[in-house]
Amino acid sequence: KPHSLKECNSKEEVIENTNGSLNSIFSDVPGSHPYAQAISWAKETGVVGGYPDGTFQPDRTVNRAEFLKIILEDLGSDIPEADPLNFSDVDMSAWYAPYISLGKRARIVQGYPDGTFRPEQAVNTAEALKMAYKALNIATNASNGPWYQEFIDHAQINNILFEDLDPAKDTKRKDVVWIVWRLSQ
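Keep in mind it's a predicted model, so treat the numbers as computed, not measured.

**Here's the deal with the packing of aromatic side chains**
Okay, so step 1: By the definition in use, this model includes 10 aromatic pairs.
Okay, so step 2: When the centroid spacing of 5.4 Å and the interplanar angle of 80 degrees are considered together, the rings of Trp 95 and Tyr 96 count as edge-to-face.
Okay, so step 3: The class for Tyr 96 is buried, based on a relative accessible area of 8%.
Okay, so step 4: Every member of this aromatic cluster is reached through a ring pair, and the members are Tyr 35, Phe 162, Trp 178 and Trp 181.
Okay, so step 5: Cation over ring: Arg 64 sits above Phe 117, and NZ or CZ is 4.3 Å from the ring centre.
Okay, so step 6: The ring of Tyr 112 has Arg 118 sitting right over it, with the charged end atom 3.8 Å from the ring centre.

In structure tokens, the structure reads:
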């Protein structure tokens with residue numbers, strides 16, 4: 001098959017078949033990867049980048065601060081300087097403080113009852129869905145069940161999840177990209 005070479009940045013290239021299917025996105029994400037379309041979108045839009053070694057690390061866990069940054073970057077939000085958050089565990093000089101500040105002001109996140117945000121804690125599926133739905137202003141229907149049920153129900157009905165994910169399961173980079181990509185369409 002004929003191929004054309006399209007340069008994406010100084011370190012990575014994507015080889016694209018003439019029919020438009022991707023053969024390589026990152027060195028660890030071939031075009032045949034089940035999440036390839038979402039990962040390609042994330043790379044092209046700059047929502048999520050790769051690592052200096054040319055990898056994407058699709059199975060790497062994402063923490064709460066990283067996920068909030070991803071969703072706010074997808075929105076193209078202007079990230080102001082951090083303001084006092086009243087989260088006892090958020091260092092106001094940390095890279096993530098402005099994102100958490102904006103997320104709290106926009107009511108995307110509220111933290112935990114003990115007054116913490118836990119930025120370094122892995123974001124689970126339920127938290128990721130809630131943050132994404134709130135940030136993107138996607139309406140859901142109230143559901144009986146736990147606080148996150150309305151987000152899980154909507155995601156399942158609208159094929160937002162690549163696979164059925166446990167609400168308490170730590171979210172991987174591939175899942176984060178998939179969720180944001182599907183909800184942004």
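**Side note on the pattern of salt bridges**
Okay, so step 1: Within this structure, the stated rule accounts for 4 salt bridges.
Okay, so step 2: Lys 174 is paired through a salt bridge with Asp 59; the nearest N and O atoms lie 2.8 Å apart. Note that Lys 174 is positioned in helix α6 (residues 173–184) and Asp 59 in the loop between α1 (36–45) and α2 (64–75), a separation of 115 residues in sequence.
Okay, so step 3: When its relative accessible area of 18% is taken as the criterion, Lys 174 is described as buried.
Okay, so step 4: The exposure class of Asp 59 is partly exposed, given its relative accessible area of 47%.
Okay, so step 5: Notably, a salt bridge pairs Glu 127 with Arg 64, separated by 3.1 Å at the nearest N-O pair. On the criterion of sequence distance, the pair formed by Glu 127 in helix α4 (residues 125–135) and Arg 64 in helix α2 is long-range, its members being 63 residues apart.
Okay, so step 6: Residue classification places Arg 64 among the buried positions, given a relative accessible area of 4%.

**Side note on the nonpolar core**
Okay, so step 1: Counting residues in each nonpolar core, the largest one holds 54 residues, and the members touching the most others are Ile 39, Phe 67, Leu 68, Ile 71, Val 90, Ile 100 and Leu 129.
Okay, so step 2: Mapped by element, the contributors of at least two residues to this core are β3 (24–26), α1, α2, α3 (97–105), α4, α5 (149–157) and α6.

**Thoughts on the environment of Leu 183**
Okay, so step 1: Note that Leu 183 resides in helix α6.
Okay, so step 2: Its relative accessible area of 10% is what places Leu 183 among the buried residues.
Okay, so step 3: Sequence separation between Leu 183 and Tyr 133 is 50 residues; the distance between their C-alpha atoms is 7.9 Å.
Okay, so step 4: Discounting residues that sit within four places of it in the chain, Leu 183 has contacts with Ala 132, Tyr 133, Leu 136, Ile 138 and Ile 160.

**Some words on α1**
Okay, so step 1: Counting buried residues along α1, 7 of its 10 residues qualify, which places the element largely inside the surrounding structure.
Okay, so step 2: Three or more residues of α1 are buried, namely Ala 36, Ala 38, Ile 39, Ser 40, Trp 41, Ala 42 and Lys 43.
Okay, so step 3: Trailing α1 by a residue or two, Gly 46 shows a phi angle of about 80 degrees, which is positive.

**Describing the confidence of the model for the protein**
Okay, so step 1: Looking at the protein as a whole, its pLDDT mean stands at 84, while 88% of the residues score no less than 70.
Okay, so step 2: No element of the protein has a lower mean pLDDT than strand β1 (residues 3–7), which averages 26, and none a higher one than α4, which averages 95.
Okay, so step 3: A low-confidence stretch, residues 1–22 (pLDDT under 50), is modelled with 37 contacts involving residues beyond four sequence positions or located in other chains.

**Re the packing of α1 against α6**
In helix packing, the relevant descriptors are the interaxial angle and the interaxial distance, both defined with respect to the helix axes.
Okay, so step 1: Contact geometry of α1 with α6 gives a least axis separation of 9 Å together with a crossing angle of 80 degrees. As summarised for this structure, α1 and α6 are arranged roughly perpendicular, according to the angle between their axes. Every residue of α6 that contacts α1 at Gln 37, Ala 38, Ile 39, Trp 41 and Ala 42 is listed here: Val 177, Trp 178, Val 180, Trp 181 and Ser 184.
Okay, so step 2: In terms of residue class, the contact of α1 with α6 is made up of 8 nonpolar, 2 polar and no charged.

Scoring rules and cut-offs
Residues numbered from 1 in each chain as written. Predicted model: local features only at pLDDT ≥ 70, side-chain atom pairs only at ≥ 80, totals over all residues. Heavy atoms only, no water. Phe/Tyr/Trp six-rings, centres within 6.5 Å; stacked < 30°, edge-to-face > 60°. Buried < 20%, exposed > 50% of the residue type's maximum accessible area, 1.4 Å probe, protein only. Lys NZ or Arg CZ within 6 Å of the ring centre and 35° of its normal. Salt bridge = Lys/Arg side-chain N within 4 Å of Asp/Glu carboxyl O. Helix = DSSP H or I, 4+ residues; strand = E, 2+ residues; numbered from the N terminus. Core = buried A, V, L, I, M, F, W, Y, C linked by side-chain atoms within 4.5 Å. Contact = heavy atoms within 4.5 Å. pLDDT = per-residue confidence, 0-100. Axes fitted to C-alpha atoms, helices over the stretch in contact; angles between N-to-C directions. Parallel < 35°, antiparallel > 145°, perpendicular 65-115°, else oblique. Nonpolar A, V, L, I, M, F, W, Y, C, P; charged D, E, K, R; others polar.

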